[in-house]
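The chain contents come next:
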Amino acid sequence: MKFNKNLDIDEVVKSIKKNTFFSEQRVLSKEDLRDIHKELDLWNLNLNKNQINPTKTFNGWYHSMAMARSKKVYEILASDFILNTCEKYFKKSFRLKAHRVYSVTSGARMPWHSDDKSSDKKHDYEGLIFIFYLKDVSKGQFQIIKDSENFSKKFPDAKIEERIIDKNYKDQIIDFIMPEGSMVIYNDKAIHRAKPYFDPFWYRTSLFIQVDTNIDNGEKTIINPSFVKNIDQKKLDYFGFGKNSDLPHEPVISGYHTLDYKDLFKIIFNSVLSILILKPYYLLRRSFILKNIIKKLFR
Ligand SMILES: [Fe+2]
């Protein structure tokens, strides 16, 4: 996978260590973005279909197994850029912890938080987050508190109240209003959020990738083998081959109650259609077939 920009990995790592983050505009090309949108079929509810599907939560849609469905997402995850950046940054073994393509709907309020957590408990090992904007972002943008990776551990909880940030760190907030294809990389201990916004006709879509130095657990890596052109031990370790993969795919809270009314009505409509027409038709057809088989047996 070749990115749209030639990035110097030493500079990228230096920037994350010195400035909390690294960002660059239009790292993914228009064709890359078109491929991802096409391959993921955002955001169709395909209930009871044998396919890798997105999950709807109260605040948006999440494709937490996107690399099994989108070749381009797999190529980004397995890119030399991501692997070499991690290698230079961590200087020890690392592993892909999670990834997802997600769309957060208007009105959703993401609290200020750090990502150095597993199952809501803060951890000590090092981690990096890569975010790629899959749409132009002029509102609901990613925000980070500069230098916060150095002091976020004084907050015992990963989530931090807005009034604390407003009172103490307002001057350190950095906004990332950037075009589609842009990328931000940050230390997982840095405090950040997506700025709340209200626009029912627009939603933000991004690719989130989390890598850290706890190689003993992660979300399950589900790969479409046809996407894999070459794989070495470094990549196998990065994807967690042969290691525990017990962490649930995030977000974990979802069900019928997190679907919106449009999808619930779609389910009701399809259920009624199946009860009244489709199921009786197939039952009848099957009984004819059954009758023919019995007839043939006793002829
Ligand atoms: Fe986060």
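## Here we look at the sheet that holds strand β2 (residues 55-57)
With antiparallel pairing, the seven strands of this open sheet are ordered in space as β1-β12-β8-β14-β4-β3-β2. The open sheet terminates on both sides in strands that have one partner only, identified here as β1 (21-24) and β2. Here the average twist between neighbouring strands, direction ignored, is 20 degrees. As defined by bridge partners, strand β8 (residues 127-133) adjoins strand β14 (residues 204-212) across seven bridges and the pair is classed as antiparallel. If you follow glycine 127 over to β14, its bridge partner there is aspartate 212.

## Some words on the domain arrangement of the protein
Domain boundaries in the protein define domain 1 (9-259) and domain 2 (260-299). The C-alpha centroid of domain 2 is placed 42 Å from the C-alpha centroid of domain 1. The interface of domain 1 with domain 2 comprises four residues on the first partner and five residues on the second. Counted by class, the side of domain 1 that touches domain 2 contains three nonpolar, no polar and one charged residues.

## Focus: unusual backbone geometry
In this model, glutamate 250 is joined to proline 251 through a cis peptide bond whose omega is -5 degrees. By the secondary structure assignment, proline 251 is in the loop between α7 (233-238) and α8 (261-298). The backbone phi angle of asparagine 48 is positive, close to 60 degrees, even though this residue is not glycine. Counting through the fold element by element, asparagine 48 comes out in the loop between α2 (30-40) and β2. Of note, lysine 91 is a non-glycine position whose phi angle comes to about 55 degrees, a positive value. Tracing the sequence through the fold places lysine 91 in the loop between α5 (80-90) and β4 (95-104). C-beta crowding within 10 Å serves as the criterion here: with 11 such atoms nearby, lysine 91 is assigned to the exposed category.

Calculation notes
Residues numbered from 1 in each chain as written. Predicted model: local features only at pLDDT ≥ 70, side-chain atom pairs only at ≥ 80, totals over all residues. Pairing = 2+ DSSP bridges. Helix = DSSP H or I, 4+ residues; strand = E, 2+ residues; numbered from the N terminus. Axes fitted to C-alpha atoms, helices over the stretch in contact; angles between N-to-C directions. Domains from an automatic or database assignment. Contact = placed C-beta atoms within 7 Å. Nonpolar A, V, L, I, M, F, W, Y, C, P; charged D, E, K, R; others polar. Buried ≥ 20, exposed ≤ 12 C-beta atoms within 10 Å, placed from the backbone.

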